[in-house]
Structure formats: C-alpha cells, structure tokens
Amino acid sequence: MTVQKIALTGIKSSGSPHIGNYLGAIKPALELTKDHEARYFIADYHAITTVKDKKLLEEQIYDMAATWLAAGLNPDEVIFYRQSDIPEVFELSWILACMTPKGLLNRAHSYKDSIEKNKEKGKDLDDGVHCGLYYYPVLMAADILAFNTNVVPVGQDQKQHLEITRDIAHAFNQVYGEILTVPEALIDDSVKTVPGIDGRKMSKSYNNVIPLYGPQKDLQKSISRIVTDSKGVNEPKDPDSCNLFALYTYFAAPEAVSAKREQYKSGGMGYGDMKNELFELIDAFVAEGRDKYASLMANREQIDWILEEGAEKARQIAGPLLQKVRHAIGIQ
Ligand code: ADP
Ligand code: TRP
C-alpha cells in the first residue's frame, strides 16, 4: 500500500461562503480527499482578526461547518475540526514566533497593505493595526506544521503565507533538527479568480458575492444584479469580457459553453435571458447542498458532535508532534 500524502487546509469563518470560495477552495480540497489523508478545519481564531461580534462569529462558525458538510465533506474520511479546539496549535504558534524573523512578518501582504494605506492617508503607520494581524502568518504556520502536512490546497492569494510557513519550518529545523515537515502550496491555476457580480474578484470584502447555499431568492437577486454592457438583444456580444459568460463556464457542460460562445458572437440573445439561464444552472447545481445545509443549520448539535469528534482525532496527531517539539527545545 502506498502511503498517502497529508493535505490540510482551513477557511476563516468570517462571512457566509460564496461561489468563489466553493470553486476556489472547497471543491478542489474535496477532490484531493480521494488520494490524500485530509485534515480540514475552520479557522475561527483567524476570523477574530476581523469579526468582533460574538453572535455573528458563532453563526459564521456553524455556517462554515454546515457548508463544508453540505458540499460533500465526509467526516469519516476527513478529519474536520475547529482550530480553536486544538490547544497544541496555539502552543506551537508561540514557539514558532520565537523562530520567526520580525522582517518576515513586516513583509506579509495584509500587514504591509494596512501600513501603506495609513501612509497614503497621512496617518500614524500603525493606526488601527493590531498585533493579531501582524501575527496572523505565524498562527497559520502553526495550523499547518502541527499536523505533518505535505500539501496545502489554497487560492493564489495565500501563496505568500505558505512561503512564510516554509521559512519558519526551515528556521526551526535548522536549530533543532529535522522535526517539522516542510509543506508545499497546491495552487490550482485552472481555477482562476472567480469574478463577482461587478466583475472584480468575488469577495466578501467587495460586497459582490453570489451566495452558495443561501435562500433561493438571494441567489436570484444577486444574479439579476450582475453587471453587463448595454448591448441589445440582436447585437453580437463578446463572451470573453462578459461576467455572465465567465460564471456560466464554471457550471455548464463544455458543449453548452461552446454553443453559448457562438450565440454571443452571432447576436440574438439578450442578457436578461442569459441571467435566467445562469440562475437555473446554478440553482440546480446548489439545490441538493442547499437542502443539506438548511437541515444541518437546523440541527446544530449534529455539527457540534462532528466537530468534537474531529478535534479528538486532530489532537491525537498534534499532541505527539508537540511532545516532540517541546522535547527538542528543552521544555519537558
Ligand atoms: P473572501 O475574499 O471572500 O474574504 P477568503 O479570503 O475567506 O474569501 O477566501 C477563502 C478561500 O476561498 C481562499 O482559499 C481563497 O483563495 C478562495 N477564494 C476566495 N474568493 C475567491 C474567488 N473569487 N475565486 C477563487 N477563489 C476564491
Ligand atoms: N489564511 C487563510 C485564508 O484567509 C485561512 C487559513 C488559516 C489557512 N490557516 C490556514 C489556509 C492553514 C490553509 C492552511 O483563506
């Protein structure tokens, strides 16, 4: 029997999951479970870098858990847990912080962006920047390194975090010996950035998302708001600059995509009809997951129970690793 590689990833519970999260992160991660040992978690302590509302955070943790499960995560095959249930991760994060050059964190994108924005506005450089944002990449390194991870499926935007994780692991191993597994990012270039309803990257922070398992009427509403040019029904249209077409390609069969491309070029199809067609397509695609999601959200003890079981299994891996790390650094 060949030994399977270990895949691990996390998604912050900082907003309701959307079509971009599904296509860019959840779906590829679930595909990996076929030939990897998978460990997937809800990064709830990363979420508090932005979410400061107790009720909202509680809701979003359930929302994220129900979404993964409704999308097809099988907790018998994947170790599925909440980051906050694994104390070893936080212990490791401190140890790693003591191996992390400060300059490495100074260069991390989200911290640097906050500083740059303050500079542009003529504010004090650290205005509104808390240490959690600065420390974010170290906690992420601990998430990954506590589980002997080989590959981390993530979107392009997480590439730098993985490079930082690798640097930290090397720094630790150089001092204490080859204890930590150095992971690799697994970035699927074929899943480009999914556009939002305004054509920019679909993102909670741009308020341009198409919800994944939200109510059907919200799906319809967001699709009806997708921005297009103002070409009339009979005019030929450019599929490659159309958000509707871009979204269509993720859900329609390849033959349907080719046919639609021709229809765009020849004219005779209006954007209103295209929106209806896209709605039908996405609605059919999410229908089963939406039902599962609703039933899980109405039965939260089931989610609690799944996550508790997952945390137990996860701690059986992180515990021994931490023992090894403590021993290596001289703390018994
Ligand atoms: P958001 O930008 O909405 O806050 P997150 O930063 O929480 O999303 O992203 C969670 C995961 O989903 C990441 O792995 C990210 O790469 C992926 N992702 C988010 N938005 C998109 C998108 N528009 N297209 C492809 N992948 C995305
Ligand atoms: N930073 C990731 C994001 O914003 C979430 C995350 C936290 C993560 N810890 C992780 C992803 C460990 C992969 C591995 O999407």
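Below or above, wherever it landed, is the structure these notes cover.

Quick notes on the rules
- For every chain, the first residue of the written sequence is number 1, and numbering continues from 1 along that sequence.
- Chains carry letters from A onward and ligands carry numbers from 1 onward, assigned in written order.
- The model is predicted, so local features are restricted to residues of pLDDT at least 70 and side-chain atom pairs to those at 80 or more, both for listing and for counting; the totals for chains, interfaces and linings are taken over all residues.
- Only hydrogens and water are set aside when side-chain values are computed; all heavy atoms of the structure are taken into account.
- To define axes, lines are fitted to C-alpha atoms, for helices over the stretch in contact only, and angles between the resulting N-to-C directions are given on a 0 to 180 degree scale.
- Only runs of H or I of at least four residues qualify as helices and only runs of E of at least two qualify as strands under DSSP, and these elements are numbered from the N terminus.
- Angle categories are assigned with fixed cut-offs, so that under 35 degrees is roughly parallel, over 145 is roughly antiparallel, 65 to 115 is roughly perpendicular, and the rest are oblique.
- Crossings are classed by handedness, with left-handed meaning an anticlockwise turn of the near helix from the far one by less than a right angle and right-handed meaning a clockwise turn.
- Pairs of residues are marked as contacts when any of their non-hydrogen atoms sit within 4.5 Å.
- Each residue is assigned to one of three groups, with Ala, Val, Leu, Ile, Met, Phe, Trp, Tyr, Cys and Pro labelled nonpolar, Asp, Glu, Lys and Arg labelled charged, and all others, Gly among them, labelled polar.
- Here, proximity means that at least one heavy atom of the residue falls within 4 Å of the molecule or strand.
- Under the rule applied, a polar contact is a pair of N or O atoms within 3.5 Å (in protein, one hydrogen donor and one hydrogen acceptor; residues adjacent in sequence only if both atoms are side-chain atoms).
- We call a set of buried Ala, Val, Leu, Ile, Met, Phe, Trp, Tyr and Cys residues a nonpolar core when their side-chain atoms join them within 4.5 Å.
- Each residue's exposure class comes from its accessible area (1.4 Å probe, protein chains only) as a fraction of the maximum for that residue type: buried when under 20%, exposed when over 50%, partly exposed otherwise.
- Per-residue and other accessible areas were derived by the Shrake-Rupley procedure at a 1.4 Å probe size, with only the shown protein chains allowed to occlude residues.
- Each aromatic pair joins two rings of Phe, Tyr and Trp (for Trp, the six-membered one) with centres within 6.5 Å, and gets the label stacked for planes under 30 degrees apart, edge-to-face for over 60, and tilted for any other angle.
- In our convention, an over-ring charge means Lys NZ or Arg CZ found within 6 Å of a ring centre and within 35 degrees of that ring's normal.
- In this analysis, the expected span of each helix is defined as 1.5 Å times one less than the number of residues it contains.
- For this quantity, the arc is that covered by the directions from the helix axis to the C-beta atoms.

A word on the packing of helix 4 (residues 87–97) against helix 7 (residues 131–145). Where helix 4 meets helix 7, the closest approach of the two axes is 8 Å, and the angle between their N-to-C directions is 120 degrees. Classified by the angle between their axes, helix 4 and helix 7 sit oblique to one another. Relative to helix 7, helix 4 is oriented so that their crossing is right-handed. Between helix 4 and helix 7, the contacting residues are Val89, Phe90, Leu92, Ser93, Trp94, Leu96 and Ala97 on the first element and Tyr135, Val138, Leu139, Ala141, Ala142, Asp143 and Leu145 on the second. Within the contact of helix 4 with helix 7, the residues separate by chemical class into twelve nonpolar, one polar and one charged.

Quick look at the site of ligand 1 now. Lining the immediate environment of ligand 1, one finds 15 residues, of which His18, Asp157, Val194, Ser203 and Lys204 sit closest. The separation between an oxygen atom of ligand 1 and a polar main-chain atom of Gly155 is 3.4 Å. Ranked by residue count, the leading element in the shell around ligand 1 is helix 1 (residues 19–32), at four residues. A class-by-class count of the residues in the shell around ligand 1 yields four nonpolar, seven polar and four charged.

Judged by nonpolar contacts, the single largest core of 58 residues is most densely connected at Ile19, Tyr40, Trp68, Phe80 and Ile210. Looking at which element gives the most residues to this core, the answer is helix 12 (residues 271–297), with nine residues. With sequence-adjacent residues up to four places away left out, Trp68 is seen in contact with Thr9, Ile11, Ile26, Ala29, Leu30, Tyr40, Leu73 and Phe80. If you look at the next biggest cluster of nonpolar residues, it comprises 45 residues, including Tyr136, Ala311, Ile317 and Val325.

All right, on to the site of ligand 2 then. Taken together, 14 residues sit near ligand 2, with Gly10, Lys12, Tyr136, Asp143 and Gln158 positioned nearest. At 2.7 Å from a nitrogen atom of ligand 2 is found a side-chain nitrogen or oxygen belonging to Tyr136. Side-chain polar atom of Gln158 to a nitrogen atom of ligand 2: 3.0 Å apart, as the coordinates give it. For ligand 2, whose unbound accessible area comes to 370 Å², protein coverage reaches 91%. For the shell around ligand 2, the secondary-structure elements that each account for two or more residues are strand 1 (5–12), strand 2 (36–43) and helix 7. Along the lines of polarity and charge, the residues of the shell around ligand 2 split into eight nonpolar, four polar and two charged.

In total, this model carries eleven aromatic pairs according to the counting rule given. In textbook terms, an aromatic cluster arises when at least three aromatic residues are bridged by ring pairs, as seen for Tyr22, Phe251 and Phe285. In this structure, Arg200 is placed above the aromatic ring of Tyr206, and the distance from its NZ or CZ to the ring centre is 4.2 Å. Cation over ring: Lys237 sits above Tyr271, and NZ or CZ is 5.5 Å from the ring centre.

Turning our attention to helix 6 (residues 109–120). For helix 6, built from twelve residues, the straight-helix expectation of 16 Å at 1.5 Å per residue is met to within 8% by its first-to-last C-alpha distance of 16 Å. Considered for burial, the residues of helix 6 that qualify are Tyr111, Ile115 and Asn118. Each buried residue of helix 6 sits inside an arc of 60 degrees when the element is viewed along its axis, so together they form one side. Residues of helix 6 that are exposed and point over 90 degrees away from its buried face: Lys117 and Glu120. Each element contacted by the buried residues of helix 6 is listed here: helix 5 (102–106) and helix 7.

Relative to each other, helix 4 and helix 13 (residues 300–329) sit at 30 degrees, their axes nearing to 9 Å. Considered as vectors, helix 4 and helix 13 are oriented roughly parallel to each other. Our pair here, helix 4 against helix 13, has a crossing hand that is left-handed. Contact residues: helix 4 offers Pro87, Glu88, Glu91, Leu92 and Ile95, while helix 13 offers Arg315, Ala318, Gly319, Leu322, Val325, Arg326 and Ile329. For the contact of helix 4 with helix 13, the residue count by class is seven nonpolar, one polar and four charged.

This next bit is on the environment of Ile95. With respect to the element layout, Ile95 can be found in helix 4. Taking relative accessible area as the criterion, Ile95 reaches 11% and is therefore assigned buried. Placed 41 residues apart in sequence, Ile95 and Lys54 show a C-alpha to C-alpha distance of 29 Å. Apart from residues no more than four positions distant in its own chain, Ile95 is found in contact with Phe172, Leu322, Val325 and Ile329.

It is worth spelling out unusual backbone geometry at this point. Even without glycine at this site, Asn148 takes up a positive phi of about 50 degrees. Here Asn148 is to be found in the loop between helix 7 and strand 4 (151–153). With a relative accessible area of 26%, Asn148 lands in the partly exposed category. For Asn207, which is not glycine, the phi dihedral falls at a positive 60 degrees. Assignment of secondary structure puts Asn207 in the loop between strand 5 (184–186) and helix 9 (216–224). Judged by relative accessible area, which is 67%, Asn207 ranks as exposed.

So far we have only geometry, and geometry alone does not tell us how the molecule works.
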